[in-house]
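One letter stands for each residue in the lines below.
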Amino acid sequence: MEITIIGAGPGDPDLITVKGLKKLEEADVVLYADSLVSEELIERAKPEAEVMKTAGMHLEEMVEVMVERVQQGKKVVRVHTGDPAVYGAIMEQISLLNKQEVHVEIIPGVSSVFASAAALGAELTIPDLTQTVILTRAEGRTPVPETEKLRDLAKHNCTVALFLSATLTKKIVREFLAAGWSKDTPVGVVYKATWPDQKIVRSTLENLDDDMRVNGIRKQAMILAGWALDQDIHSKEFKSKLYDKEFTHGFRKGVKQ
Ligand SMILES: C[S@@+](CC[C@H](N)C(=O)[O-])C[C@H]1O[C@@H](n2cnc3c(N)ncnc32)[C@H](O)[C@@H]1O
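A brief structural summary. Because the structure is predicted, anything quoted here is derived from the model rather than measured.

Examining the side chain of Asp83
Then step 1. Locating Asp83 in the fold gives a position in the loop between strand E4 (76–80) and helix H4 (91–99).
Then step 2. The buried charged residue Asp83 lacks any salt bridge, with Lys19 as its nearest oppositely charged partner at 13 Å.
Then step 3. Look past the residues within four positions of Asp83 in its chain and what remains in contact with it is Pro108, Gly109, Val110 and Ser111.

See the structure below:
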């Protein structure tokens, strides 16, 4: 017995994968987190499919429904926002399902971190500037492990993507400054990336907290921080070796001048 967890993408119903959409269209039972997955996408399910919103359900209830339906021979899918592998809380579902001998297939999705980078027109890894992206969250009611405090992560000076942190910008600014970041470090915020009411706010570490307040952003926002977000990056001389004519690799021999 198997159920499928599908990454729905960040919001725009066209951003689900072809494989994910096929599974959704074939499903007899669809469970989805209603506040974060577009209704328009869920409407792609068969008219006779049983569709359940999970926001009001607790974990055991959700798992019980999935196990019961799959035991009845139905095709069950659980639709998650973005990519299920980041802050998807899927592991707790998978372990309960596995205990009941239900296996789980996972179909990846476009995470909001990449949809937000696209909305900002940004590349998160810029040659000679940073080659690393840290995906994390600021510590609020949910604790983060001792070795993953924002101040320590920020010391890497790479691009940092902050999920679930829209109400914690004061803390973010404090921690980044303490790690040695300059006040004018660019920060890009995307509220509801790819939804019709998407909002883009370009800010700096110094102005981030005020800009979030002025724009009324308190949830569903991706905060991308670091010099890769510099709007003037195009005018600077950062070039990847991949397309450098002097640089050879497996697919292209060097060009002789
Ligand atoms: C529970 S996490 C789920 C993340 C999801 N698995 C992903 O890959 O995007 C929810 C957080 O993801 C971010 N998020 C999800 N969808 C978003 C969107 N469309 N635009 C901006 N941020 C989004 C926000 O930081 C939000 O607080």
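Past the structure itself, the notes keep going.
Quick word on the sheet that holds strand E5 (residues 103–107)
Then step 1. The strand order across the open sheet built from five strands is E3-E2-E4-E1-E5, with neighbouring strands paired in parallel fashion. Of all strands in the sheet, those bounded by a partner on one side alone are strand E3 (50–53) and E5. Along the sheet, successive strands turn relative to each other by an average axial angle of 20°, direction set aside.
Then step 2. Here strand E2 (residues 29–32) pairs with E4 via four bridges, running parallel. Across the sheet, residue Tyr32 finds its bridge partner in E4, namely Val79.

A closer look at the pattern of salt bridges
Pairs can form between side chains of opposite charge once their charged atoms are near each other.
Then step 1. Evaluation of the coordinates by the stated rule reveals 14 salt bridges.
Then step 2. Residue Lys53 pairs with Glu39 through a salt bridge whose shortest N-O separation is 3.8 Å. Here Lys53, found in strand E3, pairs with Glu39, found in helix H2 (residues 39–42); they are 14 residues apart in sequence, far enough to count as distant.
Then step 3. Between Glu68 and Arg69 there is a salt bridge, and its shortest N-O distance comes to 2.8 Å.
Then step 4. Residue Glu68 is classed as partly exposed on the basis of its relative accessible area of 37%.
Then step 5. Owing to a relative accessible area of 14%, Arg69 belongs among the buried residues under this scheme.
Then step 6. Each of the salt bridges in this network shares a partner with another, and the network as a whole consists of Lys170, Asp209, Asp210 and Arg213.

Examining the site of the ligand
Then step 1. Close contacts around the ligand come from 17 residues, with Val86, Ser111, Ser112, Ala193 and Ala221 the closest.
Then step 2. A distance of 2.9 Å separates a nitrogen atom of the ligand from a polar backbone atom of Asp83.
Then step 3. Contact distances for the ligand include 3.5 Å between a nitrogen atom and a backbone N or O atom of Met222.
Then step 4. Coverage of the ligand by the protein chains reaches 91% of its 560 Å² of free accessible surface.
Then step 5. Here the ligand is seated within the largest pocket.
Then step 6. Its residues assigned to classes, the shell around the ligand shows ten nonpolar, five polar and two charged.
Then step 7. Here the shell around the ligand spans two domains, since at least three of its residues come from each of domain 1 (2–107) and domain 2 (112–234).

Points about the layout of surface pockets
To find the voids left in a structure, one rolls a probe of water-molecule size over its atoms.
Then step 1. Counted as a void, the largest pocket has a volume near 1200 Å³.
Then step 2. Around the largest pocket, the lining comprises 43 residues; the ones closest to its centre are Leu36, Thr81, Tyr87, Leu164 and Gln220.
Then step 3. Counting only elements with at least two residues in the lining of the largest pocket, the list comes to helix H3 (59–71), E4, H4, helix H5 (112–120) and strand E10 (221–225).
Then step 4. For the lining of the largest pocket, the residue count by class is 19 nonpolar, 15 polar and nine charged.
Then step 5. Here the lining of the largest pocket spans two domains, and each of domain 1 (2–107) and domain 2 (112–234) adds at least three residues to it.

Here we look at the sheet that holds strand E9 (residues 199–204)
Then step 1. If you trace the five strands from one edge of the open sheet to the other, you get E6-E7-E10-E8-E9, paired in mixed fashion. The outermost strands of the open sheet, each flanked by one partner alone, are strand E6 (133–137) and E9. Direction aside, the axes of adjacent strands within the sheet are offset by 20° on average.
Then step 2. In this sheet, E10 lies alongside strand E7 (residues 159–163) in antiparallel orientation, the contact comprising three bridges. Its bridge partner lying in E10, Ala161 is registered against Leu224.
Then step 3. Its contacts with the sheet put H5 on E6, E7, strand E8 (186–191), E9 and E10, and the angle it makes with E10 is roughly 65°.

Regarding the environment of Gln231
Then step 1. With respect to the element layout, Gln231 can be found in the segment after E10.
Then step 2. Take Gln231: its relative accessible area is 53%, and that puts it in the exposed class.
Then step 3. A C-alpha to C-alpha distance of 20 Å links Gln231 and Asn215, two positions 16 residues apart in sequence.

What counts, and where the lines are drawn
Residues numbered from 1 in each chain as written. Predicted model: local features only at pLDDT ≥ 70, side-chain atom pairs only at ≥ 80, totals over all residues. Heavy atoms only, no water. Helix = DSSP H or I, 4+ residues; strand = E, 2+ residues; numbered from the N terminus. Buried < 20%, exposed > 50% of the residue type's maximum accessible area, 1.4 Å probe, protein only. Lys, Arg positive; Asp, Glu negative; His and termini not counted. Salt bridge = Lys/Arg side-chain N within 4 Å of Asp/Glu carboxyl O. Contact = heavy atoms within 4.5 Å. Pairing = 2+ DSSP bridges. Axes fitted to C-alpha atoms, helices over the stretch in contact; angles between N-to-C directions. Near = heavy atom within 4 Å. Polar contact = N/O pair within 3.5 Å; in protein donor to acceptor, adjacent residues only side chain to side chain. Areas by Shrake-Rupley, 256 points an atom, 1.4 Å probe, with all protein chains shown as cover. 1 Å grid on protein atoms, 1.4 Å probe; cavity = no way out; pocket = protein on both sides within 12 Å on 5 of 7 lines; lining within 4 Å. Sits in = over half its atoms within 2 Å of the grid points. Nonpolar A, V, L, I, M, F, W, Y, C, P; charged D, E, K, R; others polar. Domains from an automatic or database assignment. Points joined across faces, edges and corners; volume = space filled by probe spheres on them.

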